[in-house]
Amino acid sequence: MTELPKPGKHHNAASAQANVATRADYCGVILPERSDRGHIRSFVLRQGRVSPAQQRACDTLLPRYGIQYATQLLDLTQAFGRDAPKILEIGFGMGDSTAAIALAHPENDCLALEVHTPGVGSLLNLIDAQQIGNIRIIQHDAVEVLRDMIAKEALDGVHIFFPDPWHKTRHNKRRLIQAPFIAQLVQKIKPGGYIHAATDWQDYARQALAVLSAEPLLENTAAGYAPRPDYRPLTKFEQRGLRLGHGVWDMVFRRV
Ligand SMILES: C[S@@+](CC[C@H](N)C(=O)[O-])C[C@H]1O[C@@H](n2cnc3c(N)ncnc32)[C@H](O)[C@@H]1O
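We now turn to the structure provided with this report. Quantities reported herein were computed from a predicted structural model and do not represent experimental measurements.

Glancing now at the pairing of strand 3 (residues 135–138). Where a strand is regular, its side chains alternate between the two sheet faces. Neither face of strand 3 is open: one carries Ile135 and Ile137, the other Arg136 and Ile138, and all of them are buried. Sheet analysis places strand 2 (residues 109–113) next to strand 3, joined by four bridges and oriented parallel. Bridge pairing in strand 3 places Ala112 opposite Ile137.

Moving on, we get to the sheet that holds strand 5 (residues 189–199). With respect to topology, seven strands assemble into an open sheet ordered 3-2-1-4-5-7-6, the strand pairing being mixed. Lying at the two open borders of the sheet, with one neighbouring strand each, are strand 3 and strand 6 (218–220). Ignoring which end each strand starts from, the neighbouring axes of this sheet average 20 degrees apart. Pairing of strand 1 (residues 86–90) with strand 4 (residues 155–161), which is carried by three bridges, proceeds in the parallel orientation. When the bridges of strand 4 are listed, Leu88 appears paired with Val158.

Taken together, 21 residues surround the ligand, and among them Phe43, Gly91, Gly93, Ala142 and Phe162 come closest. Along the lines of polarity and charge, the residues of the shell around the ligand split into 11 nonpolar, seven polar and three charged.

The next thing to look at is the packing of helix 2 (residues 52–65) against helix 5 (residues 117–129). Orientation of helix 2 relative to helix 5, taken along the N-to-C sense of each, is 65 degrees, at an axis distance of 8 Å. Here helix 5 runs roughly perpendicular to helix 2, going by the angle between their axes. Crossing of helix 2 over helix 5 shows left-handed handedness. Residues Ala53, Gln54, Gln55, Ala57, Cys58, Leu61, Leu62 and Tyr65 of helix 2 form the contact with helix 5, whose own contacting residues are Thr117, Pro118, Val120, Gly121, Ser122, Leu124, Asn125, Ile127 and Asp128. Considered class by class, the residues forming the contact of helix 2 with helix 5 number 10 nonpolar, six polar and one charged.

Another aspect to go through is unusual backbone geometry. Phi at Phe162 is positive, roughly 55 degrees, even though this residue is not glycine. Mapped onto the secondary structure, Phe162 falls in the loop between strand 4 and helix 7 (179–187). Its 18 C-beta neighbours within 10 Å are what place Phe162 among the partly exposed residues. We note that Trp166 has phi near 45 degrees; this positive angle belongs to a residue other than glycine. With respect to the helices and strands, Trp166 occurs in the loop between strand 4 and helix 7.

The subject of this paragraph is the environment of Gly192. By the secondary structure assignment, Gly192 is in strand 5. The spatial distance from the C-alpha of Gly192 to the C-alpha of Val256 is 6.0 Å, given a sequence separation of 64 residues. Those residues within four positions of Gly192 in sequence are excluded, and the remaining contacts are Arg254 and Arg255.

Definitions and cut-offs
Residues numbered from 1 in each chain as written. Predicted model: local features only at pLDDT ≥ 70, side-chain atom pairs only at ≥ 80, totals over all residues. Buried ≥ 20, exposed ≤ 12 C-beta atoms within 10 Å, placed from the backbone. Helix = DSSP H or I, 4+ residues; strand = E, 2+ residues; numbered from the N terminus. Pairing = 2+ DSSP bridges. Axes fitted to C-alpha atoms, helices over the stretch in contact; angles between N-to-C directions. Near = placed C-beta within 6 Å. Nonpolar A, V, L, I, M, F, W, Y, C, P; charged D, E, K, R; others polar. Parallel < 35°, antiparallel > 145°, perpendicular 65-115°, else oblique. Left-handed = near helix turned anticlockwise from the far one by under 90°. Contact = placed C-beta atoms within 7 Å.

Have a look at this one:
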């Protein structure tokens, strides 16, 4: 594996605004359904319990592995200290899959987005315990990170694993995978790059497949749903679901 420089060492004063992480914007805050710029948020922040270890990780490790949200384009090469393929993960949850994929693929860099503080603390602890050099975290709404920080055709791949399903019909509007968001997202992916989405909610799978199939800049790599690519680990939750006979649907689309 290429030795990764310690984050921070490569940050000069000019990049400080974008790259120095501070405590999360979202700690314990209940946000309105709509953002100040008008989009419907795909998440709610509940006052979930943050364990002391997660809190410590946010306090001590986020300055090292985090990138502060800013309304300016992020230089990804500088943020990771090297020129390598960049994978964006949206909504990493507790970060187990993120850590496993990053460890198994040291040749790639992962920019991992999550709003939930316990999850951010959990992934920071995994990064620290396993000395993972190729993950950086932004604790902010992915819609705004993409809009404001990610340059056109900057990404080699995007992972959206088990996005919140928003089961109730009246909440479906909050689902992340919708045509306007995907149209924005594909602009940020290089031609030849990919989007990989997975869900265990059949109605959302149908919607996501329809949305991704209708996007002119994407082509399906499979005839419909795709077999789970080997790099995506089975989560504990998913293993349990599969034992109970529940389905999981993967979708892998390539940017043309
Ligand atoms: C159902 S969980 C799945 C977590 C993880 N990917 C997994 O497979 O276990 C969805 C996650 O996406 C996060 N999320 C939802 N909308 C988001 C957004 N707009 N920006 C960043 N994270 C978001 C939520 O906080 C939540 O942790």
